[in-house]
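One letter stands for each residue in the lines below.
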Amino acid sequence: PAWQRLIVMLGGIIVNVLVGMLIFILLTFFYGDEYIPKDLVNENGGIYALDLAKEIGLKTGDKIVRINGQDFDNFQQITKPDNLLTEDAYYTVMRDGQQIKIEIPTNFIESFSDKESASNFVTYRVKSIIGKVEKESIAGRVGLEPGDEFIAIDGLPVSFYDEVLDIVKSGSRDSISFKIRREGKILSFKERFAPDTIIGFKPKNIDEKDLKTITYSFGESLGVGTEKAFAVVFVQLKAFKKIFSGDLSLRKSLSGPIGIAQAYGGDWDWFRFWSLTGLLSMVLAFMNLLPIPALDGGHVVFLLYEMISGRKPSDRFLENAQKVGMLLLLTLMVFVFGNDIWKLIAPYFGA
């Protein structure tokens, strides 16, 4: 009977969904959630806007208070695909005591197609307090120590690490002067700068105790993990809608085996490995359900037609449909492989 054949055809899709759900449930149970609270970022000076952020109108010191009109807690939500793919997406920002609206371009998510671009958006500001000193540097030579706080460079007051970077990178100089605060005392230095390009320290980052950690019981993980798994599918639906409407580039939105390998990265990380594996399992279920002949979704469409009409499509029709479906899939495969290869070699051609 058609309904039994339908169950068989849905078998692979169902297993992909169950595997994806299981992975996200176990990740939620064993790792929980850890993130930087938005309020902590805003209280400590707001965001540090890099080139991508400046392109859409964000500025260093802005405090993002809402995304698409909704309050949020996790600072990383500002780059969550689900938020970026929303129609008429925007940030609500506090700037100089006023709320302003920063619209997110419809194709902005394409800017996050590689790690280099994604790291060129925003980060949180950190104070100009030394966390680590590089020995072979100006900071090492003059004896700066972790905990020292920069308060001025070349006569300009500084409070944040990004202000230090902006001054140091503002132009070439033969010497550099700076003041630091150490245990309530002000120490002044003037050192030869050339041929150095940096002072040579890393700032003190946000303390781990300030991060928000949520742990879940196994029962709670069942709901939260399942929600995370199906969120992947909803993101795919939003992305497909934007691709078909022309808001997103098909070439930039698709990746194949090479892109997947790059996403896994060169360093082993269990959490990243299982997160991506769970994501791929859910994406595979979604793609396989598409109503394309030769995919399970195509067979499902024909079986539903048979169940509704009471007539089975002719063997000749099914054969031709399979041929068309295979041609589409092979064409897509060639495109995706070629697209991955082009993304690898494009930088060498200045593209």
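A brief look at the structure comes next. (Residues numbered from 1 in each chain as written. Predicted model: local features only at pLDDT ≥ 70, side-chain atom pairs only at ≥ 80, totals over all residues. Heavy atoms only, no water.)

Direction of pairing for strand β10 (residues 175-182) relative to strand β11 (residues 185-192): antiparallel, over a ladder of eight bridges. The residue of β11 that forms the bridge with Arg181 is Ile186. Counting the residues that bridge the hairpin from β10 to β11 gives two residues, and of these Glu183 lies at a positive phi of roughly 50 degrees. (Pairing = 2+ DSSP bridges. Helix = DSSP H or I, 4+ residues; strand = E, 2+ residues; numbered from the N terminus.)

All right, on to the nonpolar core then. Ranked by size, the top nonpolar core spans 27 residues in total, and within it Leu58, Phe75, Ile78, Tyr91, Phe108, Phe121 and Val122 carry the most contacts. Elements with a contribution of two residues or more to this core: α2 (38-43), β2 (47-49), α3 (51-55), β3 (63-67), β4 (90-95) and β6 (122-124). Non-local contacts of Val122, meaning those with residues more than four positions away in its chain, are made with Ile47, Tyr48, Ala49, Ala53, Leu58, Phe75 and Ile78. Residues Val164, Ile176, Ile180 and Phe189 belong to the second largest nonpolar core, which totals 19 residues. (Core = buried A, V, L, I, M, F, W, Y, C linked by side-chain atoms within 4.5 Å. Buried < 20%, exposed > 50% of the residue type's maximum accessible area, 1.4 Å probe, protein only. Contact = heavy atoms within 4.5 Å.)

Here the focus is the pattern of salt bridges. Following the criterion strictly, the structure yields 17 salt bridges and no others. Here Arg141 and Asp196 are joined by a salt bridge, their closest N and O atoms 3.4 Å apart. Of this pair, Arg141 sits in helix α6 (residues 138-142) while Asp196 sits in the loop between β11 and β12 (201-203), and the two are 55 residues apart along the sequence. A residue is classified by how much of its surface remains accessible, and Arg141, at 52% relative accessible area, is exposed. On the accessibility criterion, Asp196 (25% relative accessible area) is partly exposed. Two residues, Lys323 and Glu319, come together in a salt bridge whose shortest N-O distance is 3.6 Å. (Salt bridge = Lys/Arg side-chain N within 4 Å of Asp/Glu carboxyl O.)

All right, on to helix α8 (residues 218-245) then. For α8, with 28 residues, the first-to-last C-alpha span of 41 Å sits near the 40 Å given by 1.5 Å per residue. By the burial criterion, the buried members of α8 are Ser221, Gly225, Ala229, Val232, Val233, Val235, Gln236, Ala239, Lys242 and Ile243. Against α1 (2-31), α4 (81-84), α9 (250-253) and α11 (270-288) lie the buried residues of α8. Note on α8: the residue one or two positions beyond its end, Gly246, has a positive phi of about 90 degrees. (Expected span 1.5 Å × (residues − 1).)

With that settled, the discussion passes to unusual backbone geometry. The step from Ala194 to Pro195 runs through a cis peptide bond, and the omega angle for that step is 5 degrees. The topology assignment puts Pro195 in the loop between β11 and β12. At Asp88, a residue that is not glycine, the phi angle is positive and equals roughly 55 degrees.

Honestly, that's just the spatial picture; any functional story needs more than this.
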